[in-house]
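# Breakdown of the fold
Spelled out from the first residue to the last, the chains are:
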Amino acid sequence: MPRPEVLDRIQEAEQEADEIVAEAEQDREDRIAEAREEAEEIRETAREEAESAAEDRLESAREEIEAEREQLIEDGESAREDLEQQASEQIDEVVEYVTDLFEEAVHAQT
């Protein structure tokens with residue numbers, strides 16, 4: 001092979017190698033960009049899932065608190081009704097006791 005042809009083939013091979021390297025670098029950059037996009041999507045999905053889970057836990061806690069509140073109100077109303085019933089049952093006794101005290105006080109003055 002004559003020297004100019006060999007030189008041309010070497011230059012072509014170098015150019016092909018440069019093109020291959022450039023393509024590989026571009027491919028690498030594309031893959032890195034894709035990986036970054038995928039990582040960002042994964043982070044966003046994880047963030048959304050975490051927010052959703054937090055909202056679910058918050059809603060569950062609110063429901064528990066509301067149920068507890070309703071139970072406390074119910075217990076309080078029941079206790080109030082019991083106290084009213086006990087007080088109602090003692091009205092006659094209290095009236096009689098106060099009347100006796102009043103009569104004693106009147107008799108003590110006379």
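Notes on the structure in this doc start here. Computed from a predicted structure; not experimentally measured.

Here we take up a negative patch on the surface. A surface patch of like charges, here negative, comprises Glu5, Asp8, Glu12, Glu14, Glu16, Asp18, Glu19 and Glu23. When you line up the elements, Glu16 lands in helix α1 (residues 3-89). Judged by relative accessible area, Glu16 falls into the partly exposed class, the value being 48%.

With that settled, consider the pattern of salt bridges. This model, assessed by the stated rule, comprises seven salt bridges. With a shortest N-O distance of 2.2 Å, Glu44 and Arg47 are connected by a salt bridge. Here Arg47 and Glu44 lie together in helix α1, a separation of three residues that amounts to about one turn. The closest approach of N and O atoms between Glu84 and Arg80, which form a salt bridge, is 3.0 Å. With Glu84 and Arg80 both in helix α1 and four residues apart, the pair spans about one turn of that helix. Exposure remark for Glu84: the relative accessible area of 46% places this residue in the partly exposed category. Exposure remark for Arg80: the relative accessible area of 41% places this residue in the partly exposed category. When salt bridges that share partners are traced, they join Glu44, Arg47 and Glu51 into one network.

Procedures and definitions
- Residues numbered from 1 in each chain as written.
- Predicted model: local features only at pLDDT ≥ 70, side-chain atom pairs only at ≥ 80, totals over all residues.
- Heavy atoms only, no water.
- Patch = residues over 30% accessible without salt bridge, like charges linked within 9 Å, V, L, I, M, F, W, Y side chains within 5 Å.
- Areas by Shrake-Rupley, 256 points an atom, 1.4 Å probe, with all protein chains shown as cover.
- Salt bridge = Lys/Arg side-chain N within 4 Å of Asp/Glu carboxyl O.
- Lys, Arg positive; Asp, Glu negative; His and termini not counted.
- Charge placed at Lys NZ, Arg CZ, Asp CG, Glu CD.
- Helix = DSSP H or I, 4+ residues; strand = E, 2+ residues; numbered from the N terminus.
- Buried < 20%, exposed > 50% of the residue type's maximum accessible area, 1.4 Å probe, protein only.

These results come straight from atomic positions and should not be treated as a statement about function.
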